[in-house]
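Residue-level listing of the chains:
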Amino acid sequence: MPLFLDNLIENFYEPVGADFRRSYARGQIFWTHIGYSREDLQLWRPTGLDPSQTTVNSFRMEPAGKDAFKRAMPLYIPPLETNEELIVAKAKRRPVILLSPVPAHPGIQELRGGGRIYRRLCVVVPIYSLVDRHTEEIKYRQPFLDKVRLMTYPEFLYLPQAPGVLRHPSYARVSELQAVYQPHLEPENLQLSNDIRSILQGQVIYLISGVYSGAFQIYREQLLHQEDLPE
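All of these numbers come straight from a predicted model, not from anything done at the bench.

Helix and strand content of the protein chain: 5 helices and 13 strands. Rg of the C-alpha trace for the protein chain: 22 Å, well past the compact-globule value of 17 Å for 231 residues, more than 25% over. Expressed as lengths along the three principal axes of its C-alpha atoms, the size of the protein chain is roughly 80 × 45 × 35 Å. Here the protein chain, with 231 residues, has 37% of them falling under the buried criterion. Accessible surface, the protein chain as shown: approximately 14,200 Å² in total, 52% of it carbon and sulfur.

What follows is the structure in structure tokens.
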């Protein structure tokens, strides 16, 4: 019987503390709406316009064509430039791990009508359940679950259930990290333990730079080469 990551590390989580609602700690777990990544691009295109041809009364959904993001006319209501589109998107409320809190305001005055410099954006990693919430059954084949727990895939991190926060065993999809506005984050008094946070940080570094090192490398190599370990 192989050892898995959750056998090597006893505590995946720890409380943030009494100030958890304002701390925004790296590795802290929050809830927010996360959009689904779509392979097929679909757009909301206007079907009813006012006489000025700038205000939309109705839309229809259609696949993106050759004129996507290069329309002939802008819209004023809703505001839409000729190089912009209203894409069809679906989102779900799910837990996320905070990777990077909002940076400090640069203190530079913006130009009137110019580009926006400061945005209260955090970088997060979304968490997906391994169990179907309707049937309470595992959503994946056992070999995949075992490989996630063995850290075979650098883009996935296994997360055991955390009472009151993660109802079921889950996994963080590191390759789907994204930016969200801080006001949309709902904090939990739960964060990754130091070891798990270090592993996650190592995964991010590996995915964006190819550098394989630190806690991520140490734990992963131990799990993937268990036949080399002494009895």
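That shown, we press on.
Judged by side-chain polarity, Leu 41, Phe 69 and Ile 87 come together as a nonpolar surface patch covering roughly 250 Å² of accessible area. On the secondary structure map, Phe 69 appears in the loop between strand E4 (56–63) and strand E5 (75–76).

Two elements in contact, helix H4 (residues 194–209) and helix H5 (residues 214–224), have axes separated by 6 Å at closest approach and are oriented at 100°. Accordingly, the angle class assigned to the pair H4 and H5 is roughly perpendicular. Every residue of H5 that contacts H4 at Asp 195, Ser 198, Ile 199, Gly 202, Gln 203 and Tyr 206 is listed here: Ala 215, Phe 216 and Tyr 219. Considered class by class, the residues forming the contact of H4 with H5 number 5 nonpolar, 3 polar and 1 charged.

What counts, and at which threshold
- Residues numbered from 1 in each chain as written.
- Predicted model: local features only at pLDDT ≥ 70, side-chain atom pairs only at ≥ 80, totals over all residues.
- Heavy atoms only, no water.
- Helix = DSSP H or I, 4+ residues; strand = E, 2+ residues; numbered from the N terminus.
- Rg over C-alpha atoms; globule rule 2.2 N^0.38 Å.
- Buried < 20%, exposed > 50% of the residue type's maximum accessible area, 1.4 Å probe, protein only.
- Areas by Shrake-Rupley, 256 points an atom, 1.4 Å probe, with all protein chains shown as cover.
- Patch = residues over 30% accessible without salt bridge, like charges linked within 9 Å, V, L, I, M, F, W, Y side chains within 5 Å.
- Salt bridge = Lys/Arg side-chain N within 4 Å of Asp/Glu carboxyl O.
- Axes fitted to C-alpha atoms, helices over the stretch in contact; angles between N-to-C directions.
- Parallel < 35°, antiparallel > 145°, perpendicular 65-115°, else oblique.
- Contact = heavy atoms within 4.5 Å.
- Nonpolar A, V, L, I, M, F, W, Y, C, P; charged D, E, K, R; others polar.

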